[in-house]
Amino acid sequence: RVGLSEQTKWIVGIDGGGTKSLACLLNENGDLLGRMQCAATNYQPQNIDAIVDEIKEAVAHLCRQAGHPDRKPDIVVACLSGLGREDARQHVQNVLDAADIGGKIITDSDAMAALYGAFSGRPGIIVIAGTGSIAFAKSAAGEILRCGGWGYLLGDEGSGFDIARRAITAALKQWDGRGPTTSLRARLEAHFDVDSIEQAVTVIYGQYATRGALAQCAPLVFQEAENSDEIALEIVTDAAEALAELALVLWHKIDSDGRTPVALLGKLFHNALLHANVVAQLNAQATQLQIVRPDFPADIGAALLGLNRTLSPQAEKNLKNQLPGM
């Protein structure tokens, strides 16, 4: 197999999420030697032992896939959700160092893996919209900048949680007599299985108290917007403006002279209406921004972060050919 020389460095990249993780093994030439899905590895201090066990097993499995079960990778890059703070990154690095799973351990956030994967380690801007929202940029000088992502109490504008909360508020305002009629009310009453929207409040506080659970209502808002409900359309338009603003702020900060690629990542952008609205906002305000599909998924991005250099055009092409759907 290509790249199995003992003289060729091996790099494991891990994209650790709250429901699942993806891990890959590359060599320094960019050849894909192994790839797998494993359990959640999002960082919570009380779960650190389970996280380490999962990563150890993933690394061992990847080495078996590559045909060298006794070899350890030269670099392991663990990019996990929840590692936005330095103290959290250091905690995970310390325990992975002690676990002796590879030569060098690098820890960072899952967003950093997405940023490196989107542009193969080159400069660009990513906007991530799921339950929450955040944007990151890498400048031509290699500086990493962020915008947003301050959580549901302090920010996350344009996120799934934000869209769902605004929709429920609009339906309750209609019931109060403080807001206009909206088809969102009937959709939400059906969703929460109540006769009238005010009865949903008890259900929401009891069964939908987590951000992720409430964010699942966002698709209902998209559907009513596509059915031309004015309130739903206003919520989606406002969300698009907020998400576009994240990219625009970072674009001004990185002071790019030429065209800057922007990748829109996260489940919310699977909705064509929101995606089109964000693209329209960006095109109207900054013709130098170029909306692109990400080059690679985040686990590959984590490995590229560990490689600490860009691949040759031919190596990038070869790697894409080894990945389904790229």
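Before any of the text, the structure's been laid out above.
Described below are features of the structure shown in this document. Just so it is clear, the model here is predicted, and its values are computed rather than measured.

## As for the overall build of the protein chain
Consideration 1: The helix and strand inventory of the protein chain stands at twelve helices and ten strands.
Consideration 2: Over its C-alpha atoms the protein chain spans a radius of gyration of 22 Å, differing by no more than 12% from the 20 Å that the globule rule assigns to 326 residues.
Consideration 3: Across the 326 residues in the protein chain, those meeting the buried criterion constitute 52%.
Consideration 4: Look at the contacts in the protein chain between residues 6 or more apart in sequence, and 65% of them connect residues 24 or more apart.
Consideration 5: Accessible surface, the protein chain as shown: approximately 15,300 Å² in total, 48% of it carbon and sulfur.

## With respect to the pairing of strand E4 (residues 75-80)
Consideration 1: Counted residue by residue, E4 has six buried out of six residues, so it is predominantly covered.
Consideration 2: Side chains Ile75, Val77 and Cys79 of E4 all project onto a buried face; the interleaved residues Val76, Ala78 and Leu80 project onto the opposite face, where all are buried too.
Consideration 3: Here strand E1 (residues 10-16) pairs with E4 via six bridges, running parallel. Looking at E4, one finds that Asp15 is bridged to Cys79.
Consideration 4: Chirality of the crossover, the property in question, places the unit of E4, helix H2 (residues 86-99) and strand E5 (residues 104-109) among those that are right-handed.

## Things to note about the sheet that holds strand E6 (residues 124-129)
Consideration 1: Ordered by their spatial adjacency, five strands build an open sheet running E8-E7-E6-E9-E10, and the pairing between neighbours is mixed. The open sheet has two edge strands, strand E8 (144-148) and strand E10 (289-291), and neither has a second partner. Here the strands of the sheet are splayed against their neighbours by 20° on average, with no regard to which way each runs.

## Considering unusual backbone geometry
Consideration 1: At Ser120, a position not held by glycine, the phi torsion is positive, near 55°.
Consideration 2: For Ser228, which is not glycine, the phi dihedral falls at a positive 75°.
Consideration 3: Here Ser228 lies in the loop between helix H8 (218-226) and helix H9 (230-254).

## Details of the pattern of salt bridges
Consideration 1: For the structure shown, the criterion picks out 13 salt bridges.
Consideration 2: For the salt bridge of Glu57 with Arg64, the shortest nitrogen-to-oxygen distance reads 3.0 Å.
Consideration 3: We classify Glu57 as partly exposed; its relative accessible area is 41%.
Consideration 4: What makes Arg64 partly exposed here is its relative accessible area of 43%.
Consideration 5: For Asp162, the salt bridge goes to Arg165, with nearest N and O atoms at 3.3 Å.

## Regarding the packing of aromatic side chains
Consideration 1: In the structure shown here, the tally under the stated rule is two aromatic pairs.
Consideration 2: A centroid spacing of 5.3 Å and a plane angle of 70° characterise the contact between Tyr152 and Phe161, whose relative ring orientation is edge-to-face.
Consideration 3: With centroids separated by 5.0 Å and ring planes inclined at 90°, the aromatic side chains of Phe192 and Tyr208 adopt a geometry described as edge-to-face. Of the two residues, Phe192 is situated in helix H5 (residues 184-192) and Tyr208 in the loop between helix H6 (200-207) and helix H7 (211-215); the sequence distance between them amounts to 16 residues. Tyr208 carries the same exposure label as Phe192, and that label is buried.
Consideration 4: Just above the ring of Trp10 sits the side chain of Arg71; from NZ or CZ to the centre is 4.1 Å.

## Some remarks on a nonpolar patch on the surface
Consideration 1: Residues Trp150, Tyr152, Leu153 and Leu154 make up a contiguous nonpolar surface patch of about 540 Å² in total accessible area.
Consideration 2: Relative to the helices and strands, Trp150 resides in the loop between E8 and helix H4 (160-176).
Consideration 3: Judged by relative accessible area, which is 52%, Trp150 ranks as exposed.

About the cut-offs
- Residues numbered from 1 in each chain as written.
- Predicted model: local features only at pLDDT ≥ 70, side-chain atom pairs only at ≥ 80, totals over all residues.
- Heavy atoms only, no water.
- Helix = DSSP H or I, 4+ residues; strand = E, 2+ residues; numbered from the N terminus.
- Rg over C-alpha atoms; globule rule 2.2 N^0.38 Å.
- Buried < 20%, exposed > 50% of the residue type's maximum accessible area, 1.4 Å probe, protein only.
- Contact = heavy atoms within 4.5 Å.
- Areas by Shrake-Rupley, 256 points an atom, 1.4 Å probe, with all protein chains shown as cover.
- Pairing = 2+ DSSP bridges.
- Right-handed = clockwise from strand over helix to strand, strands pointing away.
- Axes fitted to C-alpha atoms, helices over the stretch in contact; angles between N-to-C directions.
- Salt bridge = Lys/Arg side-chain N within 4 Å of Asp/Glu carboxyl O.
- Phe/Tyr/Trp six-rings, centres within 6.5 Å; stacked < 30°, edge-to-face > 60°.
- Lys NZ or Arg CZ within 6 Å of the ring centre and 35° of its normal.
- Patch = residues over 30% accessible without salt bridge, like charges linked within 9 Å, V, L, I, M, F, W, Y side chains within 5 Å.

So yeah, pure geometry; function would need other evidence.
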